[in-house]
Amino acid sequence: MPSTDIDVLIVGAGAAGMMAAIEAGRRGRRVRIIDHARAPGDKIRISGGGRCNFTNLGCGPHAFLGENPRFATSALKRFTQHDFIKRVDQAGIAWHEKTLGQLFCDDSAKLIIRMLTDQMREAGAVLSLGTSVDRLSREGEGFQVALSDGSSLRCASLILATGGKSIPKMGATGWAYDTARALGLRVTETRPALVPLTFEAGLLERLKPLAGVSVEAVVSHGKTKFAEGLLFTHRGLSGPSVLQISSYWREGETISVAMAPGVEVFAQLKAMKAGNGRQAAHTALGQIVPKRLAEVLVEQEEAVGNLADLSDRALRRLDQAVNGWSVKPVGSEGYRTAEVTLGGVATDQLDQQTMAATRIPGLYVIGEAVDITGWLGGYNFQWAWSSGWAAGQVA
Ligand code: FDA
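If you're wondering where the values come from, they're calculated on a predicted model, not measured in any experiment.

**Focus on the state of the cysteines**
Put plainly, a disulfide is one covalent bond tying together the sulfur atoms of two cysteines.
In step 1: In the structure shown here, the tally under the stated rule is zero disulfides.
In step 2: Free cysteine C52: the closest other cysteine sulfur is in C105, separated by 5.4 Å.
In step 3: Residue class for C105 comes out buried when judged on its relative accessible area of 0%.

If you want it as structure tokens, here you go:
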């Protein structure tokens, strides 16, 4: 079959790929964007509980991890959260700030996908779903690509935009990493991030009654800390603060948890003891943390009984259990539930202004496939929009 000539082939019609397609199409480039899924932007659709936390007002390189998080600065500055908000406004999509600068659609994440697909169509980009790459090779200054639909094409620019490995059930693959490697780019170690952490069987058994209990916590790992919700699960810990810290934590390390941050637990218990020493310790502690948590902690610290019967040492042990809990998770729930993949195509292989591979003319890597990973809270989409936009200006 003869091969068609196009300017830009984008593999992956997710957040980053669609943004690149819009921008390259608007420059008059002949753009084809393919995805093996049946619909574009599946992760956008399910994100933010169906409302898509599409950016964060406080977006900046401080909120990203990777070998060199500052790599993200240029793209984030050239296409900012405010630029994306302008597009959302122009499309008439209503949004609100939920918390911590996180912006969500009022209605449905599908509106963001519709905005992107409409703009791709207007820009003349051709979307092919249910399509993947069978074979690919460099040819002169460009690439020769055989697609799974039996067609083949030649393109001057190839953009790898297939994202990370998180949620394989949704069709996530390591294709961008494998392809980048095969083409000679370095790829850093990848691991699940923004993911619930798990406990060993003994600890799990002890904390079993707490499954479903949530608190506003401060969770720390070294100097990094996040003050957000924490949720006890049947496997260990989840909730925003734990997902955030999971990106920093490594096997064998401990995390510290304060479950009533800012509260002087010892002082409060002591005052309660002075006021009414006949109340049970778990009742008193239950005024500071959720009742079920209070019961488990009182039992664990062998502080059962009335406050009047408890020594200062016992009250301090409760204080420590609430606000100085040091715990060693055994692992994480893995790519099955991780929101993102940490690691990816090494940033020292790419140009920070354009996302172009510095030593392979015509090759670009954008979005989650790059070794740039954001905090929870709209940062990962902003990276996808910004890096996709940057590549779309030049590809
Ligand atoms: P993305 O994963 O979006 O797109 C990659 C595309 O490539 C997919 O359409 C896929 O089908 C396709 N593909 C994969 N392999 C292929 C292959 N071999 N051949 C062809 N196509 C292939 N972030 C955020 O900022 N706010 C939020 O609210 C959320 N919420 C959220 C919820 C959940 C459950 C998850 C899993 C993730 C989030 N995220 C998030 C993270 C966010 O979804 C993610 O960082 C971006 O979607 C990354 O955009 P990309 O375009 O790089 O990849």
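That shown, we press on.
**Comments concerning the packing of aromatic side chains**
In step 1: Inspection of every chain in the model, using the stated rule, returns eleven aromatic pairs.
In step 2: Look at F79 and W389: their rings are 5.7 Å apart centre to centre, the planes differ by 20 degrees, and that puts the pair in the stacked class. Placement of the pair is F79 in the loop between α3 (73-78) and α4 (81-90) and W389 in helix α13 (residues 379-392), with a sequence separation of 310 residues.
In step 3: Residue classification places F79 among the buried positions, given a relative accessible area of 3%.
In step 4: Overall, the relative accessible area of 15% leaves W389 in the buried class.
In step 5: Put simply, the rings of F64, F226, Y248, W375 and Y379 pair up and form one aromatic cluster.
In step 6: Geometry around F104 places K98 over its ring, the cationic atom sitting 4.7 Å from the centre.
In step 7: Over the aromatic face of F266 sits the side chain of R316, whose NZ or CZ is 3.8 Å from the ring centroid.

**Some remarks on the side chain of T354**
In step 1: Residue placement: T354 occurs in the loop between β19 (340-342) and β20 (363-365).
In step 2: A polar atom in the side chain of T354 sits 3.2 Å from the backbone nitrogen of A356.
In step 3: Among all residues touching T354, those that are not within four sequence positions of it are Y364, A390, A391 and V394.

**A short note on helix α12 (residues 312-323)**
In step 1: The terminal C-alpha atoms of α12 lie 16 Å apart, and with twelve residues this matches the ideal 16 Å at 1.5 Å per residue to within 8%.
In step 2: By the burial criterion, the buried members of α12 are A314, L315, L318, D319, A321 and V322. The buried residues of α12 occupy an angular sector of 165 degrees when the element is viewed end-on, so they sit on one face.
In step 3: Of the surrounding elements, those touching the buried residues of α12 are β16 (255-258), α9 (265-275), α10 (281-285), α11 (291-300) and β17 (325-327).

**Some thoughts on the UniProt feature "domain: RsdA/BaiN/AoA(So)-like insert" (unreviewed entry) in the protein**
In step 1: Taking the numbering used here, the UniProt-annotated feature "domain: RsdA/BaiN/AoA(So)-like insert" (unreviewed entry) corresponds to residues 191-340.
In step 2: As annotated, residues 191-340 comprises 35% helix and 23% strand, and the C-alpha atoms at either end are separated by 9 Å.

**Overview of α4**
Counting along an α-helix, one turn takes 3.6 residues, and residues three or four places apart therefore face a common direction.
In step 1: Here α4 has its buried residues at Q81, F84, I85, R87 and V88. Angularly, the buried residues of α4 cover 155 degrees about the axis, an arc narrow enough to put them on a single face.
In step 2: Residues of α4 that are buried make contact with α1 (15-26), β3 (53-56), β5 (95-97), β6 (102-105), α5 (110-122) and α13.
In step 3: At the N-terminal end of α4, a side-chain oxygen is found 3.1 Å from the backbone nitrogen of H82, two or three residues along, and the residue is T80.
In step 4: One or two positions beyond α4, positive phi appears at G92, with a value near 75 degrees.

**Describing the packing of α1 against α13**
In step 1: Relative to each other, α1 and α13 sit at 30 degrees, their axes nearing to 7 Å. By the angle class used here, α1 and α13 are roughly parallel. As α1 packs across α13, the resulting crossing turns out to be right-handed. Only F381, A384, W385, G388, W389 and G392 of α13 make contact with α1, whose side of the interface consists of A15, A16, M19, A20, E23 and A24.
In step 2: Residue classes in the contact of α1 with α13 are distributed as nine nonpolar, two polar and one charged.

**Focus on the pairing of strand β9 (residues 142-147)**
Consecutive side chains of a regular strand alternate in pointing toward one face of the sheet and then the other.
In step 1: Counting buried residues along β9, six of its six residues qualify, which places the element largely inside the surrounding structure.
In step 2: Pairing between strand β8 (residues 133-139) and β9: six bridges, direction antiparallel. Bridge pairing links V133 to L147 in β9.
In step 3: What sits between the antiparallel neighbours β8 and β9 is a turn of two residues, in which G140 has the positive phi angle 60 degrees.
In step 4: Here β9 pairs with strand β10 (residues 152-160) via four bridges, running antiparallel. Note on β10: the bridge partner recorded for A146 is S152.

**Here's the deal with the domain arrangement of the protein**
It is common to report an interface's size as the accessible area lost on association of the parts.
In step 1: Along its sequence, the protein is carved into domain 1 (3-191 + 340-392) and domain 2 (197-332).
In step 2: Its C-alpha centre places domain 1 at a distance of 40 Å from the equivalent point of domain 2.
In step 3: When domain 1 packs against domain 2, close to 770 Å² is buried across both sides, 55% of that on carbon and sulfur atoms.
In step 4: The three residues of domain 1 that bury the most area against domain 2 are R191, W375 and L376, which together make up 62% of that side's buried surface.
In step 5: In this structure, the connection of domain 1 to domain 2 is made through one salt bridge.
In step 6: Each residue belonging to the side of domain 1 that touches domain 2 can be placed in one class, and the counts come to five nonpolar, one polar and one charged.

Thresholds, definitions, all that
- Residues numbered from 1 in each chain as written.
- Predicted model: local features only at pLDDT ≥ 70, side-chain atom pairs only at ≥ 80, totals over all residues.
- Heavy atoms only, no water.
- Disulfide = S-S within 2.5 Å.
- Buried < 20%, exposed > 50% of the residue type's maximum accessible area, 1.4 Å probe, protein only.
- Phe/Tyr/Trp six-rings, centres within 6.5 Å; stacked < 30°, edge-to-face > 60°.
- Helix = DSSP H or I, 4+ residues; strand = E, 2+ residues; numbered from the N terminus.
- Lys NZ or Arg CZ within 6 Å of the ring centre and 35° of its normal.
- Polar contact = N/O pair within 3.5 Å; in protein donor to acceptor, adjacent residues only side chain to side chain.
- Contact = heavy atoms within 4.5 Å.
- Expected span 1.5 Å × (residues − 1).
- Arc of directions from axis to C-beta.
- UniProt positions renumbered as here; feature names shortened; annotations may be inferred.
- Axes fitted to C-alpha atoms, helices over the stretch in contact; angles between N-to-C directions.
- Parallel < 35°, antiparallel > 145°, perpendicular 65-115°, else oblique.
- Left-handed = near helix turned anticlockwise from the far one by under 90°.
- Nonpolar A, V, L, I, M, F, W, Y, C, P; charged D, E, K, R; others polar.
- Pairing = 2+ DSSP bridges.
- Domains from an automatic or database assignment.
- Buried area = accessible area lost by both parts, 1.4 Å probe.
- Salt bridge = Lys/Arg side-chain N within 4 Å of Asp/Glu carboxyl O.

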